[in-house]
Amino acid sequence: MMLSFQRIKNLFDWTPVAVKKPCPKFAEYKDVGVVLLGYEVEVQYLHHGTQHLLFAVDEEKLGLSKPADALKHATNFYNAKMRQITRYNEQHNR
């Protein structure tokens, strides 16, 4: 099996080409009702397809991540990916 240099290079190329704003992700449980699980960000990469990242809320069990913190982390991640997308578009659309 022959691997080309371009295919190997693409394995390590995680260039984002699209990203969706953070949206809340809920689950419904019989005993407690509707619970906020966290905020999900969907990112589409040039060579690796689409990935969904969940910035979880863990306020009730360990108290580590409050909803405001999870939203802040998701928003920061979204903004960083948008900057990468803008930079990529500027470089390749000259």
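For the structure given in this document, a descriptive report is provided here. Nothing here was measured: the structure is a model prediction, and the numbers come from that model.

**Examining the nonpolar core**
One finds Val-19, Tyr-39, Val-41, Val-43, Tyr-45, Phe-55, Val-57, Ala-70, Ala-74, Phe-77, Tyr-78 and Ile-85 forming the largest nonpolar core, which totals 12 residues. Where this core is concerned, the elements lending two or more residues are strand E3 (33-45) and helix H2 (67-92). The dominant element in this core, judged by the number of residues it contributes, is H2, at five residues. Residues contacting Phe-55, with those up to four places away along its chain left out, are Leu-37, Gly-38, Tyr-39, Val-41, Ala-70, His-73, Ala-74 and Phe-77.

**Quick look at the environment of Cys-23**
Tracing the backbone shows Cys-23 in strand E2 (residues 23-29). Placed 16 residues apart in sequence, Cys-23 and Arg-7 show a C-alpha to C-alpha distance of 34 Å. With residues up to four places along the chain from it excluded, the contact list for Cys-23 reads Gly-38, Tyr-39 and Glu-40.

**Describing the pattern of salt bridges**
This model, assessed by the stated rule, comprises two salt bridges. Residues Glu-42 and Lys-20 are paired through a salt bridge, measuring 3.7 Å at the closest nitrogen-oxygen approach. Of this pair, Glu-42 sits in strand E3 while Lys-20 sits in the loop between strand E1 (16-19) and E2; the two residues are 22 residues apart in sequence, bridging distant segments of the chain. According to the relative accessible area criterion, Glu-42 is partly exposed, its value standing at 24%. Across the pair Lys-25 and Glu-40 runs a salt bridge, and its minimum N-O distance is 3.8 Å. With Lys-25 in strand E2 and Glu-40 in strand E3, the pair connects residues that are 15 residues apart, well separated along the chain. Given a relative accessible area of 17%, Glu-40 falls into the buried group.

Rules used throughout
Residues numbered from 1 in each chain as written. Predicted model: local features only at pLDDT ≥ 70, side-chain atom pairs only at ≥ 80, totals over all residues. Heavy atoms only, no water. Core = buried A, V, L, I, M, F, W, Y, C linked by side-chain atoms within 4.5 Å. Buried < 20%, exposed > 50% of the residue type's maximum accessible area, 1.4 Å probe, protein only. Helix = DSSP H or I, 4+ residues; strand = E, 2+ residues; numbered from the N terminus. Contact = heavy atoms within 4.5 Å. Salt bridge = Lys/Arg side-chain N within 4 Å of Asp/Glu carboxyl O.

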